[in-house]
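# Results of the structural survey
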Amino acid sequence: MTRPTPAISVVNVSKSFGQTEVLHDISLDIPAGQVSCLIGPSGSGKSTLLRCIAFLEETTSGRILIEGQPLGFSEQDSGYRARQSRAQTRAVRANIGMVFQQFNLWPHMTALGNVSAALKVVRKLPKAEAEARAMAQLTKVGLAERAHHYPSQLSGGQQQRVAIARALALEPKIMLFDEPTSALDPELTGEVLTVMRTLAAEGMTMVVVTHEIGFAASVGTQINFLDQGRLLFSGPPEEVFRKPRPQRLEQFLDTYIDRGASMLA
Amino acid sequence: MNFDIGVILAKGPQILSGLGVTVLIWIAGTFLAAALGFVIATARHYGGPLIGAVLAIPVEVLRGTPFLVQIFLLYFGGPYIGITLDPIPAGLLGLSVYGAAYYAEIFRAGYQSVPPGHVEAADCLGFSRGQTVLRILLPEMALIVLPPSVNMAIILLKETALLSLITVPEMTLTVQAIGSQQYAFLESLVVLALVYWALVELAGTLGRLAERYFSRYRLALK
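Residues numbered from 1 in each chain as written. Chains lettered and ligands numbered in written order. Predicted model: local features only at pLDDT ≥ 70, side-chain atom pairs only at ≥ 80, totals over all residues. Heavy atoms only, no water.

Of regular secondary structure, chain A possesses nine helices and 12 strands. What you see for chain A is a C-alpha radius of gyration of 19 Å, in line with the 18 Å of a compact globule of 265 residues. Each principal axis of the C-alpha distribution contributes one length, and for chain A these read about 55 × 50 × 45 Å. The buried share among the 265 residues of chain A stands at 55%. Look at the contacts in chain A between residues 6 or more apart in sequence, and 63% of them connect residues 24 or more apart. Put simply, chain A shows about 11500 Å² of open surface, and 49% of that area lies on carbon and sulfur atoms. Between the mean site of the 27 positive side-chain charges and the mean site of the 25 negative ones, chain A shows a separation of 6 Å. (Helix = DSSP H or I, 4+ residues; strand = E, 2+ residues; numbered from the N terminus. Rg over C-alpha atoms; globule rule 2.2 N^0.38 Å. Buried < 20%, exposed > 50% of the residue type's maximum accessible area, 1.4 Å probe, protein only. Contact = heavy atoms within 4.5 Å. Areas by Shrake-Rupley, 256 points an atom, 1.4 Å probe, with all protein chains shown as cover. Lys, Arg positive; Asp, Glu negative; His and termini not counted. Charge placed at Lys NZ, Arg CZ, Asp CG, Glu CD.)

Listed below in structure tokens is the structure:
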């Protein structure tokens, strides 16, 4: 019996910025349909790992496979990493949608413009069809009536939901979230997490860097704890959060108990 | 001494012809300067450190020497290295290259003004570099580059007066010639000042309208 290809395979990945090693020999499989959460203290490397999976950062060594296809570099028989052409990288990346901590909406376009841009420019769809599809995504995140507003006219939570709709518009198989609620006021995080819960319930493969331990514990199906560039634990939440917990994880979680993660106390 | 501006204005058709040459060289020169400056800034933005260092040299030289010296070198020095140009092409080329050095710096600031995350978002959605430049970077930097660009256009307009010294039949040459013929030097200078000023005001007004257009998303009511 062959196991199905994981949506994402991270194989022996290390990453250094100059002399500083921020990821140390990380290996991780994320099967399709999982909600994989990356947690850990600041500077643990969790955002860097996510950005490597999005090919916004290049790994120093190791490889990353998306749907079984190598990302960014083609493996040669000799073991030498050859850089893929930009077109090849784009093709592999088309499986991925990315949501940023700072939303990164384009300020000169309306919500509808942001969501439909890639459909028009990259997929070359006619304007009417692109906007109809974009409208469907905006409806999904509950912002149809804000379609013609510019980002500056939307709240942080609304901007992040537009950003999610923009990433969904190209119908990726995998969605990456880089601290999607960290830039939001506490009362606005709920609406973003609700959209993410809906996506998870629909079976979307998701990788989420988050400080929302409550979200990770309740929606996550795979919890990965990173510390100082190393992947210390990886497993289903009931296993990772089960008591007694290893000391390093316990220390980390202690700081979260009074921040919506009391279920783990 | 009588001050009679009428003797200058009586030569209306001649003045208009000079004005036409000035406006033509100014508009074409500014357009070419901005386009060339944008190409240089883009090459420096996406090219490696080597390309950046190589392109920095002409930019520094052109910004570091007077425009008058540059056009004299081009027009009077050019023939020694086989570049013989008529006055108008020489003037247009000189103005475009001189302006390009400044526009390259304006667009460099424009590139730096766009948050890298906005480009990362486009990368993740499969935009090519060209699509990212045209659809994201240029419209986003428009607000930043517009005021200095209009300013530069105004400076270039006034620099066209120097082209009279390489015998380009533009407005300054034309009106000063009229002044000499009519013994009305002062009047010719006043007319020149007023016409340049009117053109500058026109350019400034168009610039403000363009700024308003590109800032519509900032002005939109909450």
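Right, let's talk about the sheet that holds strand β12 (residues 230–235) of chain A for a bit. Residues and elements named next belong to chain A. In spatial order, the strands read β8-β9-β10-β3-β11-β12; together these six strands make up an open sheet with mixed pairing. The sheet terminates laterally at β8 (96–99) and β12, the two strands that pair on one side only. Recorded for the sheet is a direction-independent mean angle of 15° between the axes of neighbouring strands. Across four bridges, strand β3 (residues 35–39) lies against strand β11 (residues 222–227) in parallel orientation. Along β11, the bridge assignment pairs Leu38 with Asn224. (Pairing = 2+ DSSP bridges. Axes fitted to C-alpha atoms, helices over the stretch in contact; angles between N-to-C directions.)

For the rest of this paragraph, the subject is the packing of helix α3 (residues 111–121) of chain A against helix α4 (residues 127–140) of chain A. All names here are of chain A. Direction vectors running N to C along α3 and α4 enclose 125°, while the axes themselves pass 8 Å from each other. By the angle between their axes, α3 is oblique relative to α4. The handedness of the crossing between α3 and α4 is right-handed. For the pair formed by α3 and α4, the contact residues are Ala111, Leu112, Val115, Ser116, Leu119 and Lys120 on the first element and Lys127, Ala130, Glu131, Arg133, Ala134, Met135, Gln137 and Leu138 on the second. Looking at the contact of α3 with α4 residue by residue, the classes come out as eight nonpolar, two polar and four charged. (Parallel < 35°, antiparallel > 145°, perpendicular 65-115°, else oblique. Left-handed = near helix turned anticlockwise from the far one by under 90°. Nonpolar A, V, L, I, M, F, W, Y, C, P; charged D, E, K, R; others polar.)

A word on the nonpolar core. In terms of nonpolar packing, the biggest core is built from 92 residues, with Ile8(A), Leu138(A), Ile164(A), Met175(A), Leu176(A) and Met206(A) touching the most fellow members. With near-sequence residues (within four places) excluded, Met206(A) lies in contact with Gln34(A), Val35(A), Ser36(A), Met175(A), Phe177(A), Met196(A), Leu199(A) and Ala200(A). Counting residues in each nonpolar core, the second largest holds 43 residues, with Trp26(B), Tyr103(B), Met152(B) and Tyr196(B) among its members. (Core = buried A, V, L, I, M, F, W, Y, C linked by side-chain atoms within 4.5 Å.)

To continue, consider the interface of chain A and chain B. Facing 25 residues of chain A, the contacting portion of chain B comprises 22 residues. Taking both partners together, chain A and chain B bury about 2300 Å²; carbon and sulfur atoms supply 61% of that area. Interface area lost by chain A to chain B is led by Trp106(A), His108(A) and Val121(A), which between them contribute 26%. Counting every contact that joins chain A to chain B gives one salt bridge. Glu120(B) is paired through a salt bridge with Arg51(A); the nearest N and O atoms lie 2.6 Å apart. Where chain A touches chain B, the interface holds six residue pairs in polar contact (both at pLDDT 80 or more). Counting only elements with at least two residues in the side of chain A that touches chain B, the list comes to α2 (86–93), β8, α3 and α5 (156–168) of chain A. (Buried area = accessible area lost by both parts, 1.4 Å probe. Salt bridge = Lys/Arg side-chain N within 4 Å of Asp/Glu carboxyl O. Polar contact = N/O pair within 3.5 Å; in protein donor to acceptor, adjacent residues only side chain to side chain.)

Our next topic: the UniProt feature "transmembrane region" (unreviewed entry) in chain B. Residues and elements named next belong to chain B. If you check UniProt for "transmembrane region" (unreviewed entry), the listed places come out as residues 23–43, 50–76, 88–104, 136–157 and 189–210 in our numbering. Secondary structure across residues 23–43 divides into 100% helix and 0% strand, with the first and last C-alpha atoms of the span separated by 30 Å. Between the end C-alpha atoms of residues 136–157 there is a gap of 30 Å, over a span that is 100% helix and 0% strand. (UniProt positions renumbered as here; feature names shortened; annotations may be inferred.)

This brings us to the UniProt feature "domain: ABC transmembrane type-1" (unreviewed entry) in chain B. Here the UniProt-annotated "domain: ABC transmembrane type-1" (unreviewed entry) positions come out as residues 19–207 of chain B. Helix makes up 83% of residues 19–207 of chain B and strand 0%, whereas the separation of the span's terminal C-alpha atoms amounts to 21 Å.

Let us look at the packing of aromatic side chains. Residues and elements named next belong to chain B. By the definition in use, this model includes 12 aromatic pairs over all chains. With a centroid separation of 6.1 Å and an interplanar angle of 15°, the aromatic rings of Phe38 and Tyr111 are classed as stacked. A residue pair is termed long-range when its members are at least 10 positions apart, and Phe38 in helix α2 (residues 12–46) and Tyr111 in helix α5 (residues 87–113) qualify at 73 residues. Since its relative accessible area comes to 18%, Phe38 is described here as buried. Put simply, the rings of Phe38, Tyr103, Phe107 and Tyr111 touch in pairs and so form one group of aromatic residues. (Phe/Tyr/Trp six-rings, centres within 6.5 Å; stacked < 30°, edge-to-face > 60°.)

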